[in-house]
Amino acid sequence: MDLKLNGKRALVTGSTTGLGEAIAKLLAAEGVTVIVHGRDAKRANAVAEAIAIAGGRAQIALGDLATDEGADAVAAQAQEGGAIDILVNNAGYYHHLNWTTALPDKWIDTYQVNVLSAVRMIQRLVPSMRELGWGRVIQIGGGLAGQPIPMQPDYNASLAARHNLAVSLARDLKDSGVTSNIVAPGAILVPAVKELLEKIAPQHGWGETWEEIESGCVRDMVPNDVGRLGRPEEIAAAVAYLASPHADYVSGATIRVDGGTIRSAF
Ligand SMILES: NC(=O)c1ccc[n+]([C@@H]2O[C@H](COP(=O)([O-])OP(=O)(O)OC[C@H]3O[C@@H](n4cnc5c(N)ncnc54)[C@H](OP(=O)(O)O)[C@@H]3O)[C@@H](O)[C@H]2O)c1
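Residues numbered from 1 in each chain as written. Predicted model: local features only at pLDDT ≥ 70, side-chain atom pairs only at ≥ 80, totals over all residues. Heavy atoms only, no water.

A few words on the overall build of the chain. Counting its secondary structure elements, the chain contains 8 helices and 7 strands. A globule of 266 residues ought to have a C-alpha radius of gyration of about 18 Å, and the chain, at 18 Å, matches this closely. Burial analysis of the chain (266 residues in total) assigns 49% to the buried set. Sequence separation of 24 or more characterises 70% of the internal contacts of the chain that already satisfy a separation of 6 or more. Per element, the accessible surface of the chain, about 12,400 Å² overall, is 55% carbon and sulfur. Each charge class in the chain was averaged separately, 23 positive and 29 negative side chains, and the resulting centres sit 3 Å apart. (Helix = DSSP H or I, 4+ residues; strand = E, 2+ residues; numbered from the N terminus. Rg over C-alpha atoms; globule rule 2.2 N^0.38 Å. Buried < 20%, exposed > 50% of the residue type's maximum accessible area, 1.4 Å probe, protein only. Contact = heavy atoms within 4.5 Å. Areas by Shrake-Rupley, 256 points an atom, 1.4 Å probe, with all protein chains shown as cover. Lys, Arg positive; Asp, Glu negative; His and termini not counted. Charge placed at Lys NZ, Arg CZ, Asp CG, Glu CD.)

And the structure:
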């Protein structure tokens, strides 16, 4: 199926690794010029080079989205070759703190990186989408937004904020040709998640091999109907659909890609 994305320009924040890297690579394979973003030039270059080797087009934008200055720099670099048609707000971070150890300063940090980063990029890039009369804002959210766990309360709450702001934005974009939607991953196997699970595996008694650890984690932490963790490419596929003109009539929606981890009908 032709996703009709050829010639578009996309900024994928936090695309030096993990979900963002998979999203950047899939959009590039669909003919999108992708702006690979992160704070680390070496990692950004590696992803951009891999895209170029595969025959795609990639540029780089570097900057810390937890600050206004960083966001200014990223927006300027991203628009050097033309306006951005597709903004994927993916940059974010998570940890393994709990209600005792996640102190208010940590909550502020988490909001800066996970929520205000998106607000900053929306405010810098959506005005030109409005002018062009077409655009996409895709927010990476997560199942923990609506089904929080006892751990990482600041992170759970930051995901809820992402979902909420994306729907508010959709309403604000009425009649503009620009849509705002959410892709809500379950637990997805990226290097950072693998590292975290290997670290906590002994305390849960999940076993030694990766297969044992994944199976123990799915059983105890993220039971789902498919019986495994998700893969980054599965998130990228949902983003590519929402980015495409095939999704012109979809706005303010959430696509869950979680194997059925979230149990509710709506
Ligand atoms: N993996 C999952 O299971 C899962 C599930 C639900 C939601 N999510 C969400 O999906 C997104 C990606 O997750 P991931 O697992 O792929 O994470 P990851 O592997 O840790 O990658 C995070 C990306 O965000 C960038 N980043 C972090 N802090 C930044 C900052 N202050 N300014 C600019 N860039 C920053 C990192 O870039 P540099 O370090 O190179 O600067 C990196 O490219 C996150 O927002 C996460 O909340 C993930």
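Bringing the nonpolar core into the picture now. By size, the foremost hydrophobic cluster in this structure holds 47 residues, and its most contacted members are L27, V183 and L197. The biggest single contributor to this core is helix 8 (residues 232-243), with 7 residues. Residue assignment places this core across two domains, with domain 1 (9-188 + 230-257) and domain 2 (191-229) each supplying three or more. Not counting chain neighbours up to four residues away, the residues in contact with L27 comprise L5, A10, V12, V32, V34, V88, A240 and A243. Counting residues in hydrophobic clusters, the runner-up holds 23 residues, among them L65, V74, M121 and A161. (Core = buried A, V, L, I, M, F, W, Y, C linked by side-chain atoms within 4.5 Å. Domains from an automatic or database assignment.)

A positive phi is found at Q152, a non-glycine position, where the angle reads about 40 degrees. Tracing the backbone through its elements, the reader meets Q152 in the loop between strand 5 (135-140) and helix 5 (153-172).

Relative to the assigned elements, N224 resides in the loop between helix 7 (210-220) and helix 8. On the basis of relative accessibility, which here comes to 14%, the residue N224 falls in the buried class. A polar side-chain atom of N224 sits 2.9 Å from the main-chain amide nitrogen of V226. Looking at N224, its side chain comes within polar contact range of the main-chain nitrogen of G227, at 2.7 Å. If we skip the residues at most four places from it in the chain, N224 touches V218, D258, G259, G260 and T261. (Polar contact = N/O pair within 3.5 Å; in protein donor to acceptor, adjacent residues only side chain to side chain.)

Scanning all chains against the criterion turns up 11 salt bridges. The partner of D68 in a salt bridge is R120, and the shortest N-O contact between them spans 2.7 Å. Of this pair, D68 sits in helix 3 (residues 68-78) while R120 sits in helix 4 (residues 104-132), placing them 52 residues apart in sequence. Residue D68 is classed as partly exposed on the basis of its relative accessible area of 41%. A salt bridge links K174 to D175; its shortest N-O distance comes to 3.7 Å. (Salt bridge = Lys/Arg side-chain N within 4 Å of Asp/Glu carboxyl O.)

Structurally, S244 is set in the loop between helix 8 and strand 7 (254-257). Among the residues examined, S244 registers a relative accessible area of 0% and is labelled buried. Other than its neighbours up to four places away in sequence, S244 contacts L3, L5, W134 and R136.

As a further point, take the site of the ligand. Taken together, 30 residues lie near the ligand, and T16, R39, R43, Y94 and Y155 sit nearest. Taking D64, its side chain carries an N or O atom lying 2.8 Å from a nitrogen atom of the ligand. In the environment of the ligand, an oxygen atom lies 3.5 Å from a nitrogen or oxygen atom belonging to the backbone of G186. With the chains in place, 92% of the 890 Å² that the ligand exposes on its own is no longer accessible. Taken together, the elements giving at least two residues each to the shell around the ligand come down to helix 1 (18-29), strand 2 (33-38), helix 5 and helix 6 (191-204). Per-class residue counts for the shell around the ligand are 13 nonpolar, 12 polar and 5 charged. (Near = heavy atom within 4 Å. Nonpolar A, V, L, I, M, F, W, Y, C, P; charged D, E, K, R; others polar.)

Turning our eyes to something else, we now look at the environment of P191. Note that P191 resides in helix 6. In sequence terms P191 and D40 are 151 residues apart; their C-alpha atoms lie 16 Å from each other. Setting aside chain neighbours within four positions, we find P191 in contact with T17 and G18.

This part is about the packing of aromatic side chains. Under the counting rule described, the total for this entry stands at 2 aromatic pairs. Centre to centre, the rings of W99 and W107 are 5.7 Å apart; their planes meet at 50 degrees, and the pair counts as tilted. A relative accessible area of 61% means that W99 is categorised as exposed. The ring of W210 carries K194 above its face, with NZ or CZ at 5.2 Å from the centroid. (Phe/Tyr/Trp six-rings, centres within 6.5 Å; stacked < 30°, edge-to-face > 60°. Lys NZ or Arg CZ within 6 Å of the ring centre and 35° of its normal.)

Our next topic: the environment of W210. When you line up the elements, W210 lands in helix 7. Note on W210: relative accessible area 15%, which makes it buried. Linking W210 and Y93, residues 117 residues apart in sequence, is a C-alpha distance of 23 Å. Residues contacting W210, with those up to four places away along its chain left out, are L189, K194, L197, E198 and L229.

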